[in-house]
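Examining the three-dimensional arrangement
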Amino acid sequence: MSSSVFIIRIQDKQSETAWKVHAEYRGDSTGEKNDIFEFSAEDFRHLNTLSTKDYGIYLGKALFQNDLREFFKSAFHSSQKLMKVTLSIDVEDSSNSDNLRALHWERLCVPMDQSWQYLPLEQRLPFSHHVSTANLDRKYSPIQKDNLKALVLVASPENLETEYNLASFDIEVTVAGIRSAFGDIPCDILANHIQDAIGLPTLKKLIECLTNTNPPYTILHIVSHGSIDQRGNTWLYWSNEANQVEPILGGDLIEKLCIVQNLPHLIFLCSCSSANYCGGLAQGLIQTLATPTVVAMTDSVTIKTATELAHNFYPRLLKSGEVDVALQQAAAPLAERHDITIPALFSSRLDNQFLFLSPSVKEIVDNSPNSKNLNIDHSQKSRDKREFEYDAYISYVDEEPDSTWVWNILVPKLEDAGLKIAVSGDTDIAGVAKVVNIERGLKLSRLTLVVLSALYLANTMGEFENVMIQTISIQEGTARLVIIEKDAVDLPNLPYRLQQLTAVKLNHPHRAEREFQKLIQQLKQPLPYRTSDGVYEI
């Protein structure tokens, strides 16, 4: 699904009671708006006296004022009735900023249909909390249904009630419900008193399973009690080998996960208080491990709500492939629950695309009732994403200003869209000749993006890279080279082999954002290939 996105960033502090808000709309049209979010100490105190819905309305009215409210309504009208909404809190540390982060943003209400509606329950506005990551080294390949495999950890140790004053829950019923939710998705269980479990719900066993299982798990689903301490740290109450409580600090869990090579793409934390803007586990998983998507609980939640939500969620995820869409659809039947706004989606990706569901040409033909009567040669069919380690290899000159533009603008926007990107040098093996490393990087990537500039045209190694990928394309009968115009370049200055290619004009004064979205869509599609008629198809 190609959806519009409305991005809200609460940013720089303007005064003791005001912060800058930057809103951006990306769809068939684009636009930006800056505004101010004003919230006094009295506002903070007043929120604590309100019901959950009134809290969300009060917060929404403070955020969506004047120009921003009209911009939001206009964007939704332009979106053809489905617009994703992401919110990020990017403020500098201070006591007031901590208070801002600590607000229950998962209760946020938005102006819809002449009233104020819960954003997390509004199916026309799939909602996520966007969290940036500084970890550029860990990559997550796009996945399809065939890649799905889940690891489920369910912990309800014997001494929960006697020593921690926490209610135990029925492990067998919980596991049966999760298995039913996964349907045909293979899943392994870590739990006590489950006959076919592969181990106990301990931290040691979790790391062992994530490390040694091949193919790797793409989903990690955790059911356990959780809490948050005064510093904002998450604690999970798992088991030790004697089935007694083993408190796990969220930071320690993240540290252990750092050693795992292939981490899950989706982590579902059915644990109370496993997310908060002041340092919760969900945010830490994204910030430190670059986990693409985490569903977590922002406060105390009943085991009934968490279990039923998961039961509704996974079948819808298989259908749509989009986590935000699936989560809000899953929550809709539970809208009357007092704790249904507590589950929240945290993501490093703006589109929240989890599965790539488009069938290949061969699948479409093979499933056709007349397929046996068709004489079609699949030898040059479009390439499947899994044949390539990277969606794109970026060929550029590592000099200013090109270097800053690539690392600060191009790479973040592509990776935010869920694409796996290799930049020149990422695929190099130490001790191997540079030209051999370049060829390796080009072959590992489905497409090569050439960042065209005056610097690039004067660089001999850049020339070598684009000549090599064009040679590979000719040999394969594919189209693997994409030209990106970062700066205006006179056509006569281009080599003939580049003049004949259609370029992506990211320097266009009006079409730049639209061109960016077209580029992202192409990078998510199969590799274009040359047919016997001499035309290129996907």
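Every value quoted in this text rests on a predicted model; they were computed, and no experiment measured them.

1. Quick look at a nonpolar patch on the surface
On the surface, Ile429, Val432, Val435 and Val436 cluster together into a nonpolar patch covering about 280 Å² of accessible area. Inspection of the secondary structure assignment puts isoleucine 429 in the loop between strand 18 (421-423) and helix 14 (434-444). For isoleucine 429, a relative accessible area of 40% corresponds to the partly exposed category.

2. A few points about the pairing of strand 11 (residues 225-228)
As paired strands, strand 11 and strand 12 (residues 234-239) are joined by four bridges and run antiparallel to one another. Bridging across to strand 12, glycine 226 finds its partner in leucine 236. Counted along the chain from strand 11 to the antiparallel partner strand 12, the turn is five residues long, and its residue glycine 232 has a positive phi close to 85°.

3. Side note on the sheet that holds strand 11
Picture the strands of a sheet paired through backbone hydrogen bonds; they go either parallel or antiparallel. Taken in spatial order, the three strands line up as 11-12-13 in an open sheet, and their pairing is antiparallel. Looking at strand neighbours, the two that pair on one side only are strand 11 and strand 13 (245-249), the edges of this open sheet. If you compare each strand with its neighbour and ignore which way they point, the axes differ by 30° on average. In the sheet, strand 12 pairs with strand 13 via five bridges, with the strands oriented antiparallel. Bridge pairing in strand 13 links tryptophan 238 to glutamate 246.

4. With respect to the confidence of the model for the protein
Of all residues in the protein, 89% have pLDDT values of 70 or greater, and the mean over the chain is 85. Taken as a whole, residues 358-386 scores under 50 in pLDDT and shows 36 contacts with residues more than four places along the chain or in a different chain.

5. Some words on the packing of aromatic side chains
Scanning the entire structure with this criterion turns up 13 aromatic pairs. Seen from their ring centres, tryptophan 19 and phenylalanine 37 are 6.4 Å apart, and the 40° between their planes marks the pair as tilted. With tryptophan 19 in strand 2 (residues 18-26) and phenylalanine 37 in strand 3 (residues 30-38), this pair connects stretches of sequence that are 18 residues apart. On the accessibility criterion, tryptophan 19 (0% relative accessible area) is buried. For phenylalanine 37, a relative accessible area of 0% corresponds to the buried category. Aromatic pair phenylalanine 64 and phenylalanine 72: ring centres 5.0 Å apart, planes at 55°, arrangement tilted.

6. Section: the packing of helix 13 (residues 402-416) against helix 18 (residues 512-524)
Geometry of a packed helix pair, given as the angle between the helix axes and the separation of the axes. The interhelical angle for the contact between helix 13 and helix 18, taken along N-to-C directions, is 50°, at an axis separation of 10 Å. Comparing their axes, helix 18 and helix 13 come out oblique. Pair helix 13 / helix 18 crosses with right-handed handedness. For the pair helix 13 and helix 18, contact is made by Leu410, Lys413 and Leu414 and by Glu513, Phe516, Leu519, Ile520 and Leu523, respectively. In terms of residue class, the contact of helix 13 with helix 18 is made up of six nonpolar, no polar and two charged.

7. Some details on unusual backbone geometry
Across the junction of asparagine 214 and proline 215, the peptide omega takes the value 0°, indicating a cis bond. Of the consecutive residues glutamate 400 and proline 401, the connecting peptide bond is found in the cis state with omega at 10°. Position of proline 401 relative to the elements: it lies in the loop between strand 17 (390-395) and helix 13. Backbone geometry places alanine 290, a non-glycine residue, at a positive phi of 60°. In this structure, alanine 290 sits in the loop between helix 9 (281-289) and strand 15 (293-297). Relative accessible area serves as the criterion here: at 7%, alanine 290 is assigned to the buried category.

Conventions adopted
- Residues numbered from 1 in each chain as written.
- Predicted model: local features only at pLDDT ≥ 70, side-chain atom pairs only at ≥ 80, totals over all residues.
- Heavy atoms only, no water.
- Patch = residues over 30% accessible without salt bridge, like charges linked within 9 Å, V, L, I, M, F, W, Y side chains within 5 Å.
- Areas by Shrake-Rupley, 256 points an atom, 1.4 Å probe, with all protein chains shown as cover.
- Salt bridge = Lys/Arg side-chain N within 4 Å of Asp/Glu carboxyl O.
- Helix = DSSP H or I, 4+ residues; strand = E, 2+ residues; numbered from the N terminus.
- Buried < 20%, exposed > 50% of the residue type's maximum accessible area, 1.4 Å probe, protein only.
- Pairing = 2+ DSSP bridges.
- Axes fitted to C-alpha atoms, helices over the stretch in contact; angles between N-to-C directions.
- pLDDT = per-residue confidence, 0-100.
- Contact = heavy atoms within 4.5 Å.
- Phe/Tyr/Trp six-rings, centres within 6.5 Å; stacked < 30°, edge-to-face > 60°.
- Parallel < 35°, antiparallel > 145°, perpendicular 65-115°, else oblique.
- Left-handed = near helix turned anticlockwise from the far one by under 90°.
- Nonpolar A, V, L, I, M, F, W, Y, C, P; charged D, E, K, R; others polar.

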